[in-house]
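Spelled out from the first residue to the last, the chains are:
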Amino acid sequence: MPRAKKTENDRKIFVLDTSVILYAHNSIMNFAEHDVVIPITVLEELDQFKKGNDSKNFEAREFIRLLDKLSKDKMIHHWTPLNGKTKGFFKVMMTSDKLKEEHINANKVFGEEKNDHKILNAALVLKSEEDNRKVILVSKDINLRLKAKSLDIHAEDYETGKIKNVTELENTGKAIIEGIDPDVINKLYDNYTVESKLVLGTRKRKSNTYYILRSEKNSVLAYYNGESNTMERVDKKLAYSVKPRNAEQTFALHAITNPNIKLVSVQGVAGTGKTLLALAGALEQRRDFKQIFLARPIVPLSNKDIGYLPGDIKSKLNPYMEPLWDNLKFIQNQFKESDKEFQKITEMVNQEKLVIQPLAYIRGRSLSNIFFIVDEAQNLTPHEIKTIISRAGENTKIVFTGDVHQIDTPYLDSQSNGLTYLIDRVKDHPLYAHIKLEKGERSELANLANELL
């Protein structure tokens, strides 16, 4: 089918890499009136990803279904219209039969034949065929983008859904207000709660926001309860013998143990106590939930799946879950072995009241009466975050912890990871609270590493 004529030649052609599709299967629909090309190599790579339970496997399957739906009875190596009058066209490009002697060959330039170079060759052929239009390679693989630029191919990251101001977003959920009337602070101490207008005045009210209120004489930690439209005092409280050491930790533990808040995110660098507080808060509320689930994304060396490791699922997961066990042991060691609190943790593990939960197998489940802690959430994609939250049944609480600047997963960054996405999309919701932990409390040595190295 011939491509529809346009009056302008500024309609671009975007060449999509596999990494973009594994990040968002519907990415092909997000290029406005511009045209999209899928190199045949990308389809070959997607075929390897279509089996499995991980998010990338789901994205691969969904994209293949979408492509089948869009193409209908048409041949997809010809330009085919995308849905909607404002959309452009797409096609799958066969590269090998179009690469001529006069073309630059990425395989020869880089001295190796690999799929990334085949995708680069597809973009190079398009550039020669469509010399009056701008051809742009879209990839979440930074190295592939750099290689493209070395071959004079325009290359961009996939920007849809990226959060622009991450620093500002991190600081949502907490505010400092100076110049508060000392009598108002005294009233908070005496009565626990005051009308919000005495503190906030005409300021915009945001549910579950935490405040440090200061006057010339005194200060207090407080929390805005959107349901009652009141300001409540926040006290430092122990959770399974773990005591918060600063204002932010106090806020985080309050949110984690507040039964009205069903979704919590705790952001902070290593050593700020994110995971420890989440675990301590969960143990403190163990009677309110059937089970405590602990999980963290698996980011294996060389990006190999855990199937490469020997043993059953438990032995495969254990190396990745050691940080969670370390925090659990720290809490347990606050007590003597003869103490009932020490023995209770051992009993909960043995009776599977406290369970390591593989995220890969969560799709399709319904999790009711569960306290779910997801550590290192910055290594999840936005879709994975949505999948986890959508599994929540009655009386389930989910706490995500992580550092949006410490990402180990290829193709994610501080603007596109699942934790940043969650904070941006759910902020100000009455069921949600976000706290950023700022001060390292692990040790003086750990603080030195975070601040100076």
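Use the structure listed above.
Counting through the fold element by element, histidine 117 comes out in helix α5 (residues 115-129). Its relative accessible area of 0% is what places histidine 117 among the buried residues. Histidine 117 sits 31 residues away from alanine 148 along the chain, and the two C-alpha atoms are 9.2 Å apart. Each residue touching histidine 117, except ones within four places of it in the same chain, is listed here: Ala106, Asn107, Phe110, Glu112 and Lys147. Among the polar contacts made by the side chain of histidine 117, one reaches the side chain of lysine 147 at a distance of 2.9 Å.

Turning our eyes to something else, we now look at the packing of aromatic side chains. Applying the stated rule across the entire model yields 8 aromatic pairs. Both rings, one in phenylalanine 289 and one in phenylalanine 371, keep their centres 5.4 Å apart while their planes meet at 85°; by these two values the pair is edge-to-face. Placement of the pair is phenylalanine 289 in the loop between α11 (274-284) and β13 (291-295) and phenylalanine 371 in strand β15 (residues 370-374), with a sequence separation of 82 residues. Accessibility expressed as a relative area gives 0% for phenylalanine 371, which makes it buried. Here the aromatic rings of phenylalanine 293 and phenylalanine 372 are separated by 5.7 Å at their centres, their planes lie at 90°, and the arrangement is edge-to-face. With phenylalanine 293 in strand β13 and phenylalanine 372 in strand β15, the pair connects residues that are 79 residues apart, well separated along the chain. According to the relative accessible area criterion, phenylalanine 293 is buried, its value standing at 2%. Judged by relative accessible area, which is 0%, phenylalanine 372 ranks as buried.

Moving on to the packing of α5 against helix α6 (residues 142-150). At a minimum axis separation of 11 Å, α5 and α6 run at an interaxial angle of 45°. Comparing their axes, α6 and α5 come out oblique. When you trace α5 past α6, the crossing you get is right-handed. Residues Asp116, His117 and Leu120 of α5 touch α6, and the partners they reach there are Leu144, Lys147 and Ala148. Taken together, the residues of the contact of α5 with α6 break down into 3 nonpolar, 1 polar and 2 charged.

A separate point is the nonpolar core. Grouped burial of nonpolar side chains is what soluble globular proteins tend to show. Core analysis: the largest hydrophobic core is formed by 47 residues, its most contacted members being Ile28, Ile38, Leu120, Leu137, Val138 and Ile153. Element by element, the count of residues in this core is highest for α5, at 7 residues. The next biggest cluster of nonpolar side chains, apart from the first, holds 44 residues, and it includes Tyr223, Val264, Leu328 and Ile345.

About the thresholds
Residues numbered from 1 in each chain as written. Predicted model: local features only at pLDDT ≥ 70, side-chain atom pairs only at ≥ 80, totals over all residues. Heavy atoms only, no water. Helix = DSSP H or I, 4+ residues; strand = E, 2+ residues; numbered from the N terminus. Buried < 20%, exposed > 50% of the residue type's maximum accessible area, 1.4 Å probe, protein only. Contact = heavy atoms within 4.5 Å. Polar contact = N/O pair within 3.5 Å; in protein donor to acceptor, adjacent residues only side chain to side chain. Phe/Tyr/Trp six-rings, centres within 6.5 Å; stacked < 30°, edge-to-face > 60°. Axes fitted to C-alpha atoms, helices over the stretch in contact; angles between N-to-C directions. Parallel < 35°, antiparallel > 145°, perpendicular 65-115°, else oblique. Left-handed = near helix turned anticlockwise from the far one by under 90°. Nonpolar A, V, L, I, M, F, W, Y, C, P; charged D, E, K, R; others polar. Core = buried A, V, L, I, M, F, W, Y, C linked by side-chain atoms within 4.5 Å.

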